[in-house]
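Each chain is listed here by its residues.
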Amino acid sequence: MVFSSETFLFLFLPIFLAAYYLTPPKWRNLTLLLESYLFYGWWRFDFLMLLCANTLWAYVFSILVEKYQGTPRAKLFVAIGVTGHLLVLGVFKYLNFFIDSFAMLWGTTPDALGIHWQLLLPIGISFYVFHSISYLVDVYRGDAKVSRNIIDFAAFLALFPQLVAGPILRYKDLAPQFEHREHSWELFNAGWQRFLIGLSMKVLIADPVAPLADAMFSAPNPTVVESWLGALAYSMQLYFDFAGYSAMAIGLALMIGFRFAENFNMPYVSRSITEFWRRWHISLSTWLRTYLYISLGGNRKGTVRTYINLFLVMLLGGLWHGAAFTFILWGVWHGGILVVERLTGYDKTAQNYWWSLPLCFVAVVLGWVMFRAPDVGQAFQMYAGMFGFNGIGIRPEVAWMVSREAMTMLAIAIAITIAEPKMRHLWEPQITVNADGTATAAATSLVKAGALSALAIFCLMRLAEQTYSPFLYFQF
(Lines give C-alpha, C1' and ligand atoms only; values in the text may rest on other atoms or scores of the structure.)
Protein backbone atom coordinates (compact mmCIF):
# COMPACT_ATOMS: atom_id res chain seq x y z
CA MET A 1 0.00 0.00 0.00
CA VAL A 2 1.47 3.36 -1.01
CA PHE A 3 0.32 6.84 0.02
CA SER A 4 -0.65 7.69 -3.56
CA SER A 5 -2.93 4.65 -4.01
CA GLU A 6 -6.70 4.72 -3.92
CA THR A 7 -6.65 1.99 -1.27
CA PHE A 8 -4.67 4.20 1.07
CA LEU A 9 -6.51 7.46 0.34
CA PHE A 10 -10.07 6.17 0.38
CA LEU A 11 -9.88 3.17 2.71
CA PHE A 12 -6.92 3.01 5.05
CA LEU A 13 -6.46 6.72 5.83
CA PRO A 14 -10.11 7.56 6.68
CA ILE A 15 -10.45 4.43 8.84
CA PHE A 16 -7.14 5.12 10.55
CA LEU A 17 -7.98 8.75 11.32
CA ALA A 18 -11.44 7.85 12.59
CA ALA A 19 -10.06 5.09 14.83
CA TYR A 20 -7.22 7.32 16.06
CA TYR A 21 -9.40 10.27 17.05
CA LEU A 22 -12.16 8.11 18.54
CA THR A 23 -9.61 6.37 20.77
CA PRO A 24 -9.09 7.92 24.24
CA PRO A 25 -5.75 9.82 24.30
CA LYS A 26 -3.99 7.35 26.61
CA TRP A 27 -4.62 4.50 24.14
CA ARG A 28 -3.77 6.34 20.93
CA ASN A 29 -0.18 5.05 20.76
CA LEU A 30 -1.55 1.49 20.83
CA THR A 31 -3.99 2.35 18.04
CA LEU A 32 -1.12 3.87 16.11
CA LEU A 33 0.95 0.72 16.58
CA LEU A 34 -1.81 -1.69 15.52
CA GLU A 35 -2.74 0.32 12.44
CA SER A 36 0.92 0.77 11.49
CA TYR A 37 1.33 -3.00 11.67
CA LEU A 38 -1.78 -3.37 9.51
CA PHE A 39 -0.28 -0.91 7.01
CA TYR A 40 2.98 -2.87 6.84
CA GLY A 41 1.37 -6.32 6.97
CA TRP A 42 -0.86 -5.35 4.04
CA TRP A 43 2.20 -5.97 1.86
CA ARG A 44 3.64 -9.14 3.48
CA PHE A 45 2.56 -10.53 6.86
CA ASP A 46 5.70 -12.66 7.24
CA PHE A 47 7.95 -9.61 6.99
CA LEU A 48 5.85 -7.95 9.68
CA MET A 49 7.22 -10.68 11.96
CA LEU A 50 10.73 -9.57 11.02
CA LEU A 51 9.87 -5.99 12.01
CA CYS A 52 8.50 -7.24 15.36
CA ALA A 53 11.62 -9.32 15.99
CA ASN A 54 13.80 -6.31 15.15
CA THR A 55 11.80 -4.21 17.62
CA LEU A 56 12.13 -6.74 20.41
CA TRP A 57 15.87 -7.10 19.78
CA ALA A 58 16.47 -3.34 20.01
CA TYR A 59 14.25 -3.00 23.08
CA VAL A 60 15.94 -5.82 25.04
CA PHE A 61 19.47 -4.68 24.24
CA SER A 62 18.68 -1.05 25.05
CA ILE A 63 17.65 -2.16 28.55
CA LEU A 64 20.85 -4.19 28.94
CA VAL A 65 22.96 -1.24 27.74
CA GLU A 66 21.31 1.07 30.25
CA LYS A 67 21.59 -1.47 33.09
CA TYR A 68 25.36 -1.73 32.63
CA GLN A 69 25.90 1.90 31.62
CA GLY A 70 29.48 3.02 32.25
CA THR A 71 30.87 -0.51 32.33
CA PRO A 72 32.53 -2.64 29.62
CA ARG A 73 29.35 -4.72 29.48
CA ALA A 74 27.42 -1.77 28.10
CA LYS A 75 29.88 -1.56 25.21
CA LEU A 76 29.56 -5.31 24.66
CA PHE A 77 25.76 -5.20 24.60
CA VAL A 78 25.58 -2.22 22.25
CA ALA A 79 28.04 -3.99 19.95
CA ILE A 80 25.93 -7.17 19.97
CA GLY A 81 22.73 -5.20 19.44
CA VAL A 82 24.08 -3.18 16.52
CA THR A 83 25.71 -6.25 14.98
CA GLY A 84 22.41 -8.12 15.12
CA HIS A 85 20.66 -5.33 13.23
CA LEU A 86 23.46 -5.11 10.67
CA LEU A 87 23.32 -8.88 10.12
CA VAL A 88 19.60 -8.67 9.34
CA LEU A 89 20.27 -5.84 6.90
CA GLY A 90 23.23 -7.68 5.43
CA VAL A 91 21.36 -10.92 4.84
CA PHE A 92 18.22 -9.44 3.31
CA LYS A 93 19.81 -6.60 1.37
CA TYR A 94 23.28 -7.75 0.39
CA LEU A 95 23.42 -11.56 0.36
CA ASN A 96 22.08 -11.78 -3.20
CA PHE A 97 24.65 -9.19 -4.30
CA PHE A 98 27.55 -11.09 -2.73
CA ILE A 99 26.44 -14.39 -4.24
CA ASP A 100 26.06 -12.82 -7.69
CA SER A 101 29.45 -11.11 -7.36
CA PHE A 102 31.13 -14.34 -6.18
CA ALA A 103 29.65 -16.26 -9.11
CA MET A 104 30.70 -13.52 -11.56
CA LEU A 105 34.24 -13.61 -10.14
CA TRP A 106 34.43 -17.28 -11.11
CA GLY A 107 32.86 -16.68 -14.51
CA THR A 108 29.66 -18.50 -13.70
CA THR A 109 26.16 -17.88 -12.34
CA PRO A 110 24.45 -18.57 -9.00
CA ASP A 111 22.31 -21.22 -10.75
CA ALA A 112 25.44 -23.01 -11.91
CA LEU A 113 26.67 -23.00 -8.31
CA GLY A 114 23.47 -24.69 -7.21
CA ILE A 115 21.92 -21.55 -5.72
CA HIS A 116 18.43 -21.25 -7.16
CA TRP A 117 16.86 -18.75 -4.75
CA GLN A 118 16.84 -15.01 -4.32
CA LEU A 119 15.93 -13.30 -1.05
CA LEU A 120 13.13 -10.75 -1.28
CA LEU A 121 14.06 -7.33 0.15
CA PRO A 122 11.60 -6.39 2.92
CA ILE A 123 10.21 -2.90 2.27
CA GLY A 124 11.55 -0.32 4.69
CA ILE A 125 14.22 -2.55 6.23
CA SER A 126 16.98 0.00 5.58
CA PHE A 127 15.01 2.63 7.47
CA TYR A 128 13.82 0.70 10.52
CA VAL A 129 17.23 -0.89 10.98
CA PHE A 130 18.81 2.60 11.00
CA HIS A 131 16.16 3.76 13.50
CA SER A 132 17.01 0.84 15.76
CA ILE A 133 20.77 1.35 15.53
CA SER A 134 20.50 5.06 16.29
CA TYR A 135 18.35 4.26 19.33
CA LEU A 136 20.86 1.76 20.75
CA VAL A 137 23.82 4.07 20.14
CA ASP A 138 21.99 7.06 21.64
CA VAL A 139 21.22 5.04 24.77
CA TYR A 140 24.85 3.95 24.99
CA ARG A 141 26.12 7.51 24.52
CA GLY A 142 23.63 8.80 27.08
CA ASP A 143 21.86 10.93 24.45
CA ALA A 144 18.55 9.10 24.88
CA LYS A 145 16.72 7.51 27.76
CA VAL A 146 15.52 3.93 27.48
CA SER A 147 11.87 3.64 26.62
CA ARG A 148 10.02 2.03 29.52
CA ASN A 149 6.95 1.51 27.41
CA ILE A 150 7.39 -1.11 24.70
CA ILE A 151 4.17 0.03 23.01
CA ASP A 152 5.59 3.52 22.54
CA PHE A 153 8.90 2.17 21.28
CA ALA A 154 7.27 -0.31 18.90
CA ALA A 155 4.99 2.46 17.64
CA PHE A 156 8.05 4.63 16.99
CA LEU A 157 9.71 1.96 14.83
CA ALA A 158 6.48 1.06 13.04
CA LEU A 159 5.09 4.60 12.69
CA PHE A 160 3.57 4.19 9.24
CA PRO A 161 4.15 7.73 7.86
CA GLN A 162 7.91 7.12 7.98
CA LEU A 163 8.15 3.30 8.08
CA VAL A 164 8.91 2.41 4.47
CA ALA A 165 10.92 5.36 3.13
CA GLY A 166 11.77 7.70 5.99
CA PRO A 167 12.59 10.38 6.97
CA ILE A 168 15.09 8.66 9.24
CA LEU A 169 14.12 9.66 12.76
CA ARG A 170 15.77 9.46 16.16
CA TYR A 171 13.80 8.14 19.10
CA LYS A 172 15.14 10.84 21.42
CA ASP A 173 13.54 13.49 19.19
CA LEU A 174 10.12 11.84 19.15
CA ALA A 175 9.98 10.35 22.67
CA PRO A 176 8.35 13.48 24.20
CA GLN A 177 5.73 13.41 21.43
CA PHE A 178 4.80 9.83 22.32
CA GLU A 179 4.13 11.01 25.87
CA HIS A 180 2.22 14.11 24.83
CA ARG A 181 1.42 15.66 21.49
CA GLU A 182 -0.73 18.51 20.46
CA HIS A 183 -3.89 18.04 18.38
CA SER A 184 -5.77 20.92 16.84
CA TRP A 185 -7.79 21.60 13.74
CA GLU A 186 -5.19 24.18 12.57
CA LEU A 187 -2.34 21.65 12.76
CA PHE A 188 -4.48 18.91 11.19
CA ASN A 189 -5.35 21.24 8.33
CA ALA A 190 -1.69 22.24 7.89
CA GLY A 191 -0.78 18.54 7.81
CA TRP A 192 -3.43 17.82 5.21
CA GLN A 193 -2.14 20.68 3.04
CA ARG A 194 1.41 19.36 3.31
CA PHE A 195 0.21 15.88 2.40
CA LEU A 196 -1.65 17.24 -0.62
CA ILE A 197 1.40 19.17 -1.83
CA GLY A 198 3.45 15.96 -1.56
CA LEU A 199 0.78 13.97 -3.38
CA SER A 200 0.77 16.55 -6.18
CA MET A 201 4.56 16.37 -6.50
CA LYS A 202 4.28 12.62 -6.87
CA VAL A 203 1.28 12.07 -9.15
CA LEU A 204 1.24 15.35 -11.15
CA ILE A 205 4.98 15.73 -11.79
CA ALA A 206 7.13 12.71 -10.89
CA ASP A 207 4.85 10.06 -12.42
CA PRO A 208 4.25 11.84 -15.77
CA VAL A 209 8.00 12.52 -16.14
CA ALA A 210 8.97 8.93 -15.28
CA PRO A 211 8.19 7.41 -18.74
CA LEU A 212 10.51 9.95 -20.35
CA ALA A 213 13.38 8.94 -18.08
CA ASP A 214 12.64 5.25 -18.61
CA ALA A 215 12.56 5.63 -22.40
CA MET A 216 15.86 7.51 -22.60
CA PHE A 217 17.67 5.17 -20.20
CA SER A 218 16.50 2.15 -22.22
CA ALA A 219 17.47 3.63 -25.60
CA PRO A 220 20.61 1.94 -27.02
CA ASN A 221 23.55 4.29 -27.59
CA PRO A 222 21.64 7.49 -26.74
CA THR A 223 22.60 10.76 -28.45
CA VAL A 224 23.45 14.02 -26.70
CA VAL A 225 19.84 15.20 -26.65
CA GLU A 226 18.44 11.80 -25.63
CA SER A 227 20.92 11.20 -22.82
CA TRP A 228 20.66 14.70 -21.33
CA LEU A 229 16.89 14.57 -21.65
CA GLY A 230 16.84 11.24 -19.80
CA ALA A 231 19.25 12.45 -17.12
CA LEU A 232 17.29 15.65 -16.53
CA ALA A 233 13.98 13.78 -16.48
CA TYR A 234 15.29 11.33 -13.90
CA SER A 235 16.80 14.13 -11.78
CA MET A 236 13.38 15.79 -11.60
CA GLN A 237 11.48 12.53 -11.19
CA LEU A 238 13.66 11.46 -8.25
CA TYR A 239 13.40 14.83 -6.50
CA PHE A 240 9.65 15.23 -6.88
CA ASP A 241 9.04 11.57 -6.05
CA PHE A 242 11.16 11.43 -2.89
CA ALA A 243 10.58 14.99 -1.68
CA GLY A 244 6.89 14.40 -2.40
CA TYR A 245 6.92 11.26 -0.27
CA SER A 246 8.71 13.10 2.54
CA ALA A 247 6.15 15.93 2.40
CA MET A 248 3.34 13.38 2.61
CA ALA A 249 5.01 11.67 5.59
CA ILE A 250 5.51 15.00 7.38
CA GLY A 251 1.91 15.97 6.62
CA LEU A 252 0.46 12.66 7.84
CA ALA A 253 2.49 12.92 11.03
CA LEU A 254 1.24 16.46 11.62
CA MET A 255 -2.35 15.30 11.19
CA ILE A 256 -1.89 13.07 14.25
CA GLY A 257 0.16 15.50 16.29
CA PHE A 258 3.76 14.53 15.40
CA ARG A 259 6.28 17.03 14.09
CA PHE A 260 9.00 15.53 11.87
CA ALA A 261 12.13 17.39 10.82
CA GLU A 262 12.37 18.47 7.18
CA ASN A 263 14.08 16.06 4.80
CA PHE A 264 14.64 18.34 1.79
CA ASN A 265 15.55 22.00 1.46
CA MET A 266 15.70 22.97 -2.22
CA PRO A 267 18.75 20.78 -3.06
CA TYR A 268 19.02 21.82 -6.71
CA VAL A 269 20.00 25.39 -5.79
CA SER A 270 23.14 24.11 -4.05
CA ARG A 271 26.47 25.62 -5.09
CA SER A 272 28.66 22.71 -3.95
CA ILE A 273 28.22 19.01 -3.28
CA THR A 274 28.91 19.78 0.37
CA GLU A 275 25.91 22.11 0.39
CA PHE A 276 23.88 19.63 -1.64
CA TRP A 277 24.19 17.05 1.15
CA ARG A 278 22.94 19.62 3.62
CA ARG A 279 19.80 19.97 1.53
CA TRP A 280 19.16 16.49 0.05
CA HIS A 281 17.83 13.63 2.19
CA ILE A 282 18.83 15.59 5.27
CA SER A 283 17.84 12.85 7.71
CA LEU A 284 20.20 10.36 6.00
CA SER A 285 23.17 12.74 5.85
CA THR A 286 22.55 13.61 9.51
CA TRP A 287 22.43 9.92 10.43
CA LEU A 288 25.63 9.14 8.50
CA ARG A 289 27.44 12.06 10.12
CA THR A 290 26.23 11.24 13.66
CA TYR A 291 26.62 7.47 13.69
CA LEU A 292 29.23 6.70 11.03
CA TYR A 293 31.49 9.70 10.42
CA ILE A 294 31.88 10.47 14.13
CA SER A 295 32.30 6.78 14.99
CA LEU A 296 35.11 6.54 12.43
CA GLY A 297 36.85 9.41 14.17
CA GLY A 298 35.37 12.32 12.21
CA ASN A 299 37.96 15.09 11.93
CA ARG A 300 39.58 14.32 15.27
CA LYS A 301 42.37 12.09 13.94
CA GLY A 302 44.20 14.33 11.53
CA THR A 303 43.71 15.73 8.05
CA VAL A 304 44.35 12.56 6.05
CA ARG A 305 42.06 10.50 8.26
CA THR A 306 39.34 13.15 7.89
CA TYR A 307 39.41 12.79 4.11
CA ILE A 308 39.38 9.01 4.34
CA ASN A 309 36.42 9.11 6.73
CA LEU A 310 34.55 11.52 4.48
CA PHE A 311 35.08 9.29 1.48
CA LEU A 312 34.18 6.09 3.36
CA VAL A 313 30.94 7.59 4.67
CA MET A 314 29.76 8.45 1.17
CA LEU A 315 30.91 5.08 -0.17
CA LEU A 316 28.89 3.28 2.50
CA GLY A 317 26.04 5.74 1.97
CA GLY A 318 26.00 4.67 -1.66
CA LEU A 319 25.99 1.01 -0.66
CA TRP A 320 23.11 1.69 1.75
CA HIS A 321 20.98 2.68 -1.22
CA GLY A 322 21.34 -0.69 -2.86
CA ALA A 323 23.46 -3.77 -3.39
CA ALA A 324 24.90 -2.93 -6.80
CA PHE A 325 28.13 -1.56 -8.23
CA THR A 326 26.20 1.44 -9.60
CA PHE A 327 25.36 2.62 -6.08
CA ILE A 328 28.94 2.04 -4.91
CA LEU A 329 30.28 4.13 -7.80
CA TRP A 330 27.67 6.82 -7.09
CA GLY A 331 28.96 6.94 -3.50
CA VAL A 332 32.56 7.12 -4.80
CA TRP A 333 31.58 10.04 -7.08
CA HIS A 334 30.06 12.06 -4.25
CA GLY A 335 32.72 11.06 -1.71
CA GLY A 336 35.49 12.02 -4.13
CA ILE A 337 33.98 15.43 -4.82
CA LEU A 338 33.45 16.10 -1.11
CA VAL A 339 37.11 15.34 -0.46
CA VAL A 340 38.25 17.64 -3.29
CA GLU A 341 35.96 20.44 -2.12
CA ARG A 342 37.30 20.20 1.42
CA LEU A 343 40.89 19.85 0.28
CA THR A 344 40.72 22.99 -1.89
CA GLY A 345 38.44 24.99 0.42
CA TYR A 346 35.85 25.20 -2.37
CA ASP A 347 33.10 24.15 0.04
CA LYS A 348 33.55 27.54 1.77
CA THR A 349 34.09 29.73 -1.31
CA ALA A 350 31.57 28.26 -3.78
CA GLN A 351 29.03 30.96 -2.90
CA ASN A 352 31.37 33.55 -4.43
CA TYR A 353 31.14 32.18 -7.98
CA TRP A 354 28.13 32.59 -10.27
CA TRP A 355 29.02 29.40 -12.11
CA SER A 356 29.08 27.26 -8.96
CA LEU A 357 25.32 26.62 -9.11
CA PRO A 358 25.18 25.17 -12.67
CA LEU A 359 28.45 23.32 -12.07
CA CYS A 360 27.04 21.64 -8.95
CA PHE A 361 23.79 20.79 -10.73
CA VAL A 362 25.67 19.13 -13.60
CA ALA A 363 27.77 17.14 -11.09
CA VAL A 364 24.61 15.97 -9.35
CA VAL A 365 22.95 15.01 -12.64
CA LEU A 366 26.03 13.06 -13.74
CA GLY A 367 25.85 11.20 -10.45
CA TRP A 368 22.16 10.42 -10.91
CA VAL A 369 22.98 8.69 -14.21
CA MET A 370 25.02 6.06 -12.36
CA PHE A 371 22.37 5.92 -9.61
CA ARG A 372 19.55 5.27 -12.09
CA ALA A 373 21.25 2.99 -14.62
CA PRO A 374 20.48 -0.73 -14.27
CA ASP A 375 24.20 -1.54 -14.52
CA VAL A 376 27.55 0.16 -14.95
CA GLY A 377 27.69 -0.59 -18.68
CA GLN A 378 24.36 1.17 -19.28
CA ALA A 379 25.55 4.14 -17.23
CA PHE A 380 28.65 4.54 -19.39
CA GLN A 381 26.48 4.32 -22.51
CA MET A 382 24.58 7.32 -21.14
CA TYR A 383 27.83 9.15 -20.37
CA ALA A 384 29.07 8.47 -23.91
CA GLY A 385 25.86 10.00 -25.23
CA MET A 386 26.09 13.02 -22.91
CA PHE A 387 29.58 13.81 -24.20
CA GLY A 388 28.65 13.49 -27.86
CA PHE A 389 30.02 10.10 -28.82
CA ASN A 390 26.70 8.84 -30.27
CA GLY A 391 25.47 11.79 -32.30
CA ILE A 392 23.55 14.92 -31.41
CA GLY A 393 19.81 15.01 -32.20
CA ILE A 394 16.95 12.83 -31.14
CA ARG A 395 16.35 9.84 -33.42
CA PRO A 396 12.95 9.00 -34.98
CA GLU A 397 12.86 5.59 -33.26
CA VAL A 398 13.19 7.39 -29.90
CA ALA A 399 11.20 10.54 -30.64
CA TRP A 400 7.86 8.75 -30.64
CA MET A 401 8.40 7.85 -26.97
CA VAL A 402 8.63 11.54 -25.98
CA SER A 403 5.11 12.63 -25.06
CA ARG A 404 3.91 16.21 -24.87
CA GLU A 405 2.70 15.61 -21.31
CA ALA A 406 6.11 14.38 -20.14
CA MET A 407 7.92 17.33 -21.72
CA THR A 408 5.42 19.81 -20.26
CA MET A 409 5.74 18.38 -16.76
CA LEU A 410 9.53 18.28 -17.07
CA ALA A 411 9.52 21.99 -17.95
CA ILE A 412 7.21 22.72 -15.01
CA ALA A 413 9.41 20.68 -12.68
CA ILE A 414 12.51 22.63 -13.72
CA ALA A 415 10.63 25.93 -13.34
CA ILE A 416 9.50 24.98 -9.83
CA THR A 417 13.02 24.06 -8.71
CA ILE A 418 14.27 27.43 -10.02
CA ALA A 419 11.42 29.39 -8.41
CA GLU A 420 11.42 27.47 -5.11
CA PRO A 421 13.70 29.81 -3.14
CA LYS A 422 11.40 32.77 -3.84
CA MET A 423 8.01 31.07 -3.91
CA ARG A 424 8.07 28.09 -1.57
CA HIS A 425 6.26 30.00 1.16
CA LEU A 426 3.27 30.34 -1.16
CA TRP A 427 2.40 26.65 -1.10
CA GLU A 428 3.86 25.35 2.15
CA PRO A 429 1.80 25.76 5.35
CA GLN A 430 3.42 28.16 7.79
CA ILE A 431 3.83 26.64 11.27
CA THR A 432 5.24 28.54 14.21
CA VAL A 433 6.64 26.80 17.27
CA ASN A 434 5.93 28.90 20.35
CA ALA A 435 8.19 29.41 23.34
CA ASP A 436 6.23 26.85 25.38
CA GLY A 437 6.75 24.16 22.70
CA THR A 438 3.23 24.36 21.29
CA ALA A 439 2.75 25.02 17.59
CA THR A 440 0.33 27.16 15.66
CA ALA A 441 -0.44 27.17 11.95
CA ALA A 442 -1.19 30.26 9.90
CA ALA A 443 -4.73 30.60 8.55
CA THR A 444 -5.32 29.51 4.95
CA SER A 445 -6.32 32.29 2.56
CA LEU A 446 -9.22 31.83 0.16
CA VAL A 447 -6.88 31.97 -2.82
CA LYS A 448 -4.65 29.26 -1.37
CA ALA A 449 -7.66 27.14 -0.42
CA GLY A 450 -8.93 27.41 -3.99
CA ALA A 451 -5.54 26.46 -5.42
CA LEU A 452 -5.26 23.46 -3.07
CA SER A 453 -8.78 22.35 -4.01
CA ALA A 454 -7.82 22.48 -7.69
CA LEU A 455 -4.68 20.45 -6.95
CA ALA A 456 -6.78 17.85 -5.12
CA ILE A 457 -9.11 17.53 -8.13
CA PHE A 458 -6.19 17.16 -10.55
CA CYS A 459 -4.63 14.52 -8.29
CA LEU A 460 -7.87 12.53 -8.14
CA MET A 461 -8.23 12.71 -11.93
CA ARG A 462 -4.67 11.52 -12.35
CA LEU A 463 -5.09 8.70 -9.83
CA ALA A 464 -8.20 7.50 -11.63
CA GLU A 465 -6.31 6.97 -14.87
CA GLN A 466 -2.92 5.70 -13.73
CA THR A 467 -1.74 2.27 -12.67
CA TYR A 468 0.24 1.27 -9.58
CA SER A 469 3.24 3.56 -9.15
CA PRO A 470 5.39 2.93 -6.07
CA PHE A 471 7.78 5.52 -4.71
CA LEU A 472 11.36 5.19 -5.96
CA TYR A 473 12.83 4.97 -2.46
CA PHE A 474 10.74 1.90 -1.60
CA GLN A 475 13.45 -0.19 -3.29
CA PHE A 476 16.04 1.05 -0.82
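Residues numbered from 1 in each chain as written. Predicted model: local features only at pLDDT ≥ 70, side-chain atom pairs only at ≥ 80, totals over all residues. Heavy atoms only, no water.

Caption draft 1: View of the overall build of the protein chain. Within the protein chain, the regular secondary structure consists of 20 helices and 2 strands. Its C-alpha radius of gyration of 23 Å places the protein chain within 12% of the 23 Å reference for a compact globule of 476 residues. Along the first, second and third principal axes, the C-alpha set of the protein chain runs to 65 × 60 × 55 Å. Within the protein chain, buried positions represent 54% of all 476 residues. Taking contacts inside the protein chain between residues at least 6 apart in sequence as the whole, the part at least 24 apart equals 75%. Carbon and sulfur atoms make up 68% of the accessible area of the protein chain, which totals about 21,500 Å². When the 32 positive and 28 negative side-chain charges of the protein chain are each reduced to one mean point, those points stand 9 Å apart. (Helix = DSSP H or I, 4+ residues; strand = E, 2+ residues; numbered from the N terminus. Rg over C-alpha atoms; globule rule 2.2 N^0.38 Å. Buried < 20%, exposed > 50% of the residue type's maximum accessible area, 1.4 Å probe, protein only. Contact = heavy atoms within 4.5 Å. Areas by Shrake-Rupley, 256 points an atom, 1.4 Å probe, with all protein chains shown as cover. Lys, Arg positive; Asp, Glu negative; His and termini not counted. Charge placed at Lys NZ, Arg CZ, Asp CG, Glu CD.)

Caption draft 2: Examining the packing of helix α3 (residues 45-67) against helix α6 (residues 150-158) more closely. Direction vectors running N to C along α3 and α6 enclose 130 degrees, while the axes themselves pass 10 Å from each other. Between α3 and α6, the angle is such that the two are oblique. Seen along the crossing, α3 lies across α6 with a hand that is right-handed. Of the residues in α6, those in contact with Leu51, Asn54, Thr55, Leu56, Ala58 and Tyr59 of α3 are Ile150, Phe153, Ala154, Leu157 and Ala158. (Axes fitted to C-alpha atoms, helices over the stretch in contact; angles between N-to-C directions. Parallel < 35°, antiparallel > 145°, perpendicular 65-115°, else oblique. Left-handed = near helix turned anticlockwise from the far one by under 90°.)

Caption draft 3: Examining helix α2 (residues 28-41) more closely. A rise of 1.5 Å per residue sets the reference length of α2, with its 14 residues, at 20 Å; its end C-alpha atoms lie 20 Å apart and thus fit the reference within 8%. Counted residue by residue, α2 has 11 buried out of 14 residues, so it is predominantly covered. When we look at burial in α2, the residues that qualify are Arg28, Asn29, Thr31, Leu32, Leu33, Glu35, Ser36, Tyr37, Phe39, Tyr40 and Gly41. Buried residues in α2 make contact with α1 (6-22), α3, α5 (125-141), α6, α7 (160-163) and α8 (171-179). (Expected span 1.5 Å × (residues − 1).)

Caption draft 4: Highlighting the environment of Ala103. For Ala103, the position within the fold is in helix α4 (residues 72-105). Look at Ala103 and you get buried, because its relative accessible area is 0%. Residues Ala103 and Leu113, spaced 10 residues apart in sequence, show a C-alpha to C-alpha distance of 7.4 Å. With residues up to four places along the chain from it excluded, the contact list for Ala103 reads Thr108, Thr109, Pro110 and Leu113.

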